[in-house]
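So you can see what is in the structure, the chains are spelled out below.
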Amino acid sequence: MSGFIVMLTIASLAGLGLLTFESSIELMLPDEENIHQTIGFLRNSSLSDKIVISLSLDSPDGEKSELFRAADQLEASLVPPLFTRTVSGASGTEIMNEVLFSHYFPYIATEEDLVSIEAMITSEYVSGRMQDIYRQLLRPQSIFTASMYYADPLGINLLLLDKFKRQTASMGYKVNVENGHFISPDGRHTMIIAHTSVPITDSAGSGKLVEALREKLGELPSHVSADIVSGHLHTVSNERVIKQDIRLTIGIAAAAFLLLFFILFRDIKAVLVFLIPFASVILSMNLSSLIMGSLSYWVAGLGTVIAGISVDYGIHIFVSVRNSGNDAKVISNVAKPVSLGAVTTAGIFAAFFFSDIRGYHQLALFSIICISLSLAFALLVLPHYLSKGQWFFVHSSNKGTDGVFSHVPARPVVFLWAGILVACLVLSFQVNFDSDVIKLDGSEKEVLRAEENFQQTWGGQDNRGILVVSATSYEGALEKNDAVFQEAKKRIGADNITSFSELWPSHKARRENALRWNGFWKKGKEAALKKLIREESLKYQLRDSAFSPFFKSLYVQMPRGDEHNGEFLSTLKERFVQEEQERYSVLSFFPDQKDYVDALSDIRGMYPGTFIVSRKALSGSISEALSAEVKLFAMLATIFIVLLTFLFLKDFRKSLLALVPVITNVLLLLGVMSLCNLSLNIANMIAGIVAMGLCIDYGIFMTYGHEHEFRRNAVLSVSISALTTLIGAGVLVFAQHPALFSIGITLVTGVLAGYVSSVVVIPSLEKLLSPSTVSK
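Residues numbered from 1 in each chain as written. Predicted model: local features only at pLDDT ≥ 70, side-chain atom pairs only at ≥ 80, totals over all residues. Heavy atoms only, no water.

### Points about the overall build of the protein chain
Summing up its helical and strand segments, the protein chain has 32 helices and 13 strands in all. Put simply, the protein chain has 776 residues, and 53% of those count as buried. The contacts in the protein chain between residues at least 6 apart in sequence include a share of 83% that link residues at least 24 apart. Summed over its atoms, the accessible surface of the protein chain is roughly 34,800 Å², and 60% of this surface lies on carbon and sulfur atoms. (Helix = DSSP H or I, 4+ residues; strand = E, 2+ residues; numbered from the N terminus. Buried < 20%, exposed > 50% of the residue type's maximum accessible area, 1.4 Å probe, protein only. Contact = heavy atoms within 4.5 Å. Areas by Shrake-Rupley, 256 points an atom, 1.4 Å probe, with all protein chains shown as cover.)

### Here's the deal with helix α28 (residues 660-675)
With 16 residues, α28 extends 22 Å between its outermost C-alpha atoms, agreeing within 8% with the 22 Å of an ideal straight helix rising 1.5 Å per residue. For α28, the full list of buried residues reads Val 660, Pro 661, Val 662, Thr 664, Asn 665, Leu 667, Leu 669, Gly 671, Met 673 and Ser 674. Asn 677 sits one or two residues past α28 and shows a positive phi near 55°. (Expected span 1.5 Å × (residues − 1).)

### Examining the packing of helix α19 (residues 474-492) against helix α24 (residues 594-601)
Helix-helix packing is described using two parameters, namely the angle between the two axes and the distance between the axes. It is at 10 Å that the axes of α19 and α24 come closest, and there the two elements cross at 135°. Viewed along their axes, α19 and α24 adopt a mutual orientation that is oblique. Two packed elements cross with a definite hand, and for α19 against α24 that hand is right-handed. Facing Ala 488, Arg 491 and Ile 492 of α19, the residues of α24 in contact are Tyr 596, Ala 599 and Leu 600. Of the residues that constitute the contact of α19 with α24, the class distribution is 5 nonpolar, no polar and 1 charged. (Axes fitted to C-alpha atoms, helices over the stretch in contact; angles between N-to-C directions. Parallel < 35°, antiparallel > 145°, perpendicular 65-115°, else oblique. Left-handed = near helix turned anticlockwise from the far one by under 90°. Nonpolar A, V, L, I, M, F, W, Y, C, P; charged D, E, K, R; others polar.)

### Structural notes on α24
For α24, every residue scored as buried is listed here: Tyr 596, Val 597, Leu 600 and Ser 601. Buried residues along α24 cover an arc of 135° about the axis, so they all sit on one side. Residues of α24 that are buried in the fold lie against α19, β12 (583-591), α25 (603-606), β13 (610-613) and α26 (615-649). (Arc of directions from axis to C-beta.)

### A look at the pattern of salt bridges
Summed over all chains, the structure comprises 8 salt bridges. Among the ionic pairs, Glu 446 bridges to Arg 214, the shortest N-O distance being 3.5 Å. Residue Glu 446 is found in helix α18 (residues 445-458), and its partner Arg 214 is found in helix α10 (residues 203-217); the two are separated by 232 residues along the sequence. A relative accessible area of 45% means that Glu 446 is categorised as partly exposed. Glu 526 is the salt-bridge partner of Lys 530, the closest N and O atoms lying 3.4 Å from each other. Of this pair, Lys 530 and Glu 526 are both found in helix α21 (residues 507-537), 4 residues apart, which corresponds to roughly one turn of the helix. For Lys 530, a relative accessible area of 35% corresponds to the partly exposed category. Assessed through its relative accessible area of 17%, Glu 526 is described here as buried. (Salt bridge = Lys/Arg side-chain N within 4 Å of Asp/Glu carboxyl O.)

### A few points about the side chain of Ser 499
Its place among the elements puts Ser 499 in strand β10 (residues 498-499). Given a relative accessible area of 0%, Ser 499 falls into the buried group.

### As for a nonpolar patch on the surface
Together, Met 635, Ile 639, Leu 643, Phe 646, Leu 647, Phe 652 and Leu 656 make up an exposed nonpolar region whose accessible area comes to about 720 Å². Mapped onto the nonpolar patch, the elements with two or more residues apiece are α26 and α27 (652-658). Ranked by the residues each element gives to the nonpolar patch, the list is headed by α26, at 5 residues. Following the sequence through the fold, Leu 647 ends up in helix α26. The class of Leu 647 is exposed, set by a relative accessible area of 52%. (Patch = residues over 30% accessible without salt bridge, like charges linked within 9 Å, V, L, I, M, F, W, Y side chains within 5 Å.)

### Describing the packing of aromatic side chains
In total, this model carries 13 aromatic pairs according to the counting rule given. Relative to Trp 517, the ring of Phe 105 lies with its centre 6.1 Å away and its plane at 80°, an arrangement referred to as edge-to-face. With Phe 105 in helix α5 (residues 105-108) and Trp 517 in helix α21, the pair connects residues that are 412 residues apart, well separated along the chain. Take Phe 105 and Trp 517: they sit in the same class, and that class is buried. With 5.9 Å between their ring centres and 55° between their planes, Tyr 474 and Tyr 584 make a pair best called tilted. Note that Tyr 474 is positioned in helix α19 and Tyr 584 in strand β12, a separation of 110 residues in sequence. By the ring-pair criterion, three or more aromatic residues cluster together here, those being Phe 105, Trp 517, Phe 520, Trp 521, Phe 550 and Phe 551. In this structure, Lys 525 packs its charged tip against the face of Phe 520, placed 5.3 Å from the ring centre. (Phe/Tyr/Trp six-rings, centres within 6.5 Å; stacked < 30°, edge-to-face > 60°. Lys NZ or Arg CZ within 6 Å of the ring centre and 35° of its normal.)

### So, the confidence of the model for the protein chain
Across the protein chain, pLDDT averages 81, with 85% of residues at or above 70. Within the protein chain, the lowest mean pLDDT, 48, falls on helix α32 (residues 771-775), and the highest, 93, falls on α21. (pLDDT = per-residue confidence, 0-100.)

### Remarks on the nonpolar core
Core analysis: the largest hydrophobic core is formed by 121 residues, its most contacted members being Tyr 313, Phe 352, Tyr 360 and Leu 747. Broken down by element, the residue count for this core peaks at 17 residues, all from helix α29 (residues 682-707). Excluding residues within four positions of it along the chain, Leu 747 makes contact with Val 305, Ala 687, Val 690, Ala 691 and Ala 729. (Core = buried A, V, L, I, M, F, W, Y, C linked by side-chain atoms within 4.5 Å.)

### What to know about the side chain of Ser 77
In this fold, Ser 77 is placed in helix α3 (residues 64-77). One polar contact links the side chain of Ser 77 to the main-chain carbonyl oxygen of Leu 74, over a distance of 2.6 Å. (Polar contact = N/O pair within 3.5 Å; in protein donor to acceptor, adjacent residues only side chain to side chain.)

### A few points about unusual backbone geometry
Omega for the bond connecting Pro 80 with Pro 81 falls within 30 degrees of zero, at 10°, which places this linkage in the cis form. When you line up the elements, Pro 81 lands in the loop between α3 and β3 (83-87). Backbone geometry at Gln 541 places phi at a positive 55°, although glycine is not the residue there. Mapping Gln 541 onto the fold places it in the loop between α21 and α22 (548-552). Among the residues examined, Gln 541 registers a relative accessible area of 70% and is labelled exposed. For Asn 677, which is not a glycine, the phi torsion comes out positive at approximately 55°. Relative to the elements of secondary structure, Asn 677 occurs in the loop between α28 and α29. Residue class for Asn 677 comes out exposed when judged on its relative accessible area of 70%.

### Focus: the packing of helix α14 (residues 303-324) against helix α16 (residues 358-381)
At their nearest, the axes of α14 and α16 sit 9 Å apart, and the two run at 20° to each other. For the element pair α14 / α16, the angle class is roughly parallel. The chirality of how α14 crosses α16 is right-handed. Facing Gly 303, Ile 306, Ser 310, Tyr 313, Gly 314 and Ile 317 of α14, the residues of α16 in contact are Phe 366, Ser 367, Cys 370, Ile 371, Ser 374, Leu 375, Ala 378 and Leu 379.

### Focus: the pairing of strand β11 (residues 577-580)
Note: β11 against β12, 4 bridges, orientation antiparallel. Bridge pairing in β12 links Glu 579 to Tyr 584. Taking the residues between adjacent antiparallel strands as the criterion, β11 and β12 are bridged by 2 residues, where Gln 581 takes a positive phi near 50°. (Pairing = 2+ DSSP bridges.)

Pasting the structure below:
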């Protein structure tokens, strides 16, 4: 049997290299429609397929030409298949040709724009324009710009440019264009936007992409440096950090367990106690991955914690057998509380199956398999290799003693404990739930520093909400977006929302705008303007016939389709329109503030296929969903623990005593979090519920040990078990990833609270509540 287990463990160890691991935070998020919709949009939209490279001229004597030359060199090297397209700037002349009002503005002109134009058709305004044009024509560069002024005597292009400025201003970016390149206000940075076909959820593809990009950046001149801003970097960095943490924590845990072995046990056979969780974890990873199809790195990162829990069962057997022998009665006595402890811990994890979070299912399956295997090995295999014998912690008499804490005065201990719990109960109401998943991003400092540098150089706002309007056709999405934009303006104001409807509305709207534009000029406005230009141009020696290009192109034809496909407008369209699986989504941007999110929320019901992508809304949805799940888990865990404890101990008073560590764990944990200004999150909530299962084990074992007069074995077993669990959980305190670190802090606090209350408070309460004490 033992040989078979060893061979199976070796095979499972080799099989770890074949397992598929996932690092996505989505595994740990509720499967709510709003959450799924938001995460799915951010994952699949073309917003996530861009890599922004900010090049910096580091040499104080360097010139822009060198920076632009380096940018051109880099851009030319970013080729398929990893890089599908790049954008590094635009030509100012090309932009003006694309958006010249006579070719573009009439199709997007609103009634408000026509009111503004009507206000221009006055002698005072036209006279001022003629004077401005006259002054501009006196400049040397007028040979290149004269045609532009003659084609737009009223300056209608300024209305158009205001619309474009509003788009860029709403994003907060500070970008100029020089020599066809994007340039920062300080003239020391240029930007390249690279598109890729690699999804940000593809960790292997993201790794190849980032590696290839860094190789290209290594060819830049020494006086030019680069910052990369991309979701792919977060994917790669998170996975690298988690892998490093797993290696680090396993190494520290292994060293600590080995040290514990040499200091406490001093028996070569005790190695078996530590091999049990090792074998169980390895086997459980393979079995869980086989059943679930893959395993989360988050679950793998908790391997040391599960090992610290699983080693408890072997420790209890080892201590009892070495102190009292391995006859059937000894094994039977210790098997009952050990089995109950395993069942309660497994039951806590089983509660996660009631969740709709896939990562919780993986954690539950992995933990239950590991606990079951460890219990089976401890009860069925380990006793055959152990025998009674003197060892470091043996005591001459185990009966009738309360152990090493027997001389602790009971009443002061109980009063102190009760006072601490009351204070923690008061503090617990100040603990908040932090649903911001961004804070669980474990990306390395280099990635975050690059994003900070980019924001300082180029500006930009990271607090944008997105109003998404989707339909099965492009025109259908544009029409719906027109209606949604009008409704949104009423609710939050036109200055607070940026929409593609302003720049390029639907074919239907463009046709209506063109008809309104032509009708506006036919109603005497054309004749009035000709008269004013004829009168006012003479004052500045301008020929009125020079403005004939304006009047020749004044009336526009009805739109026939999506006519404008120039580079600049295509780039704008890319930003606002997403296409995926024969479905089109049009985006509008607004400040991500709760009042705006609330004001726009009703629009979703009015226009099906419309939803809000908002960090605050996402946090709210996660908070609401997880709050419901926590309540469910807490209720199931409480019912299961209380019911199983009562069925095993068959005594109401003893059951209450056994629950002392659980109550202490929950309240003390919340109190410490409040004092340290920490918040609950999706990571430490898992740890808190797991700690409940560990603490009930301590309570049951201490209460049962007192009843069956092996208190010293119980204290010793619980102490060593708590120590091994603290090792398994405590190593996570060294983790760099915030999620694993948060789990480590929570488990260490909870286990310490449960342990101290089980070996100090339970004996004190037993003394105060014993019949002899009560009679006195």
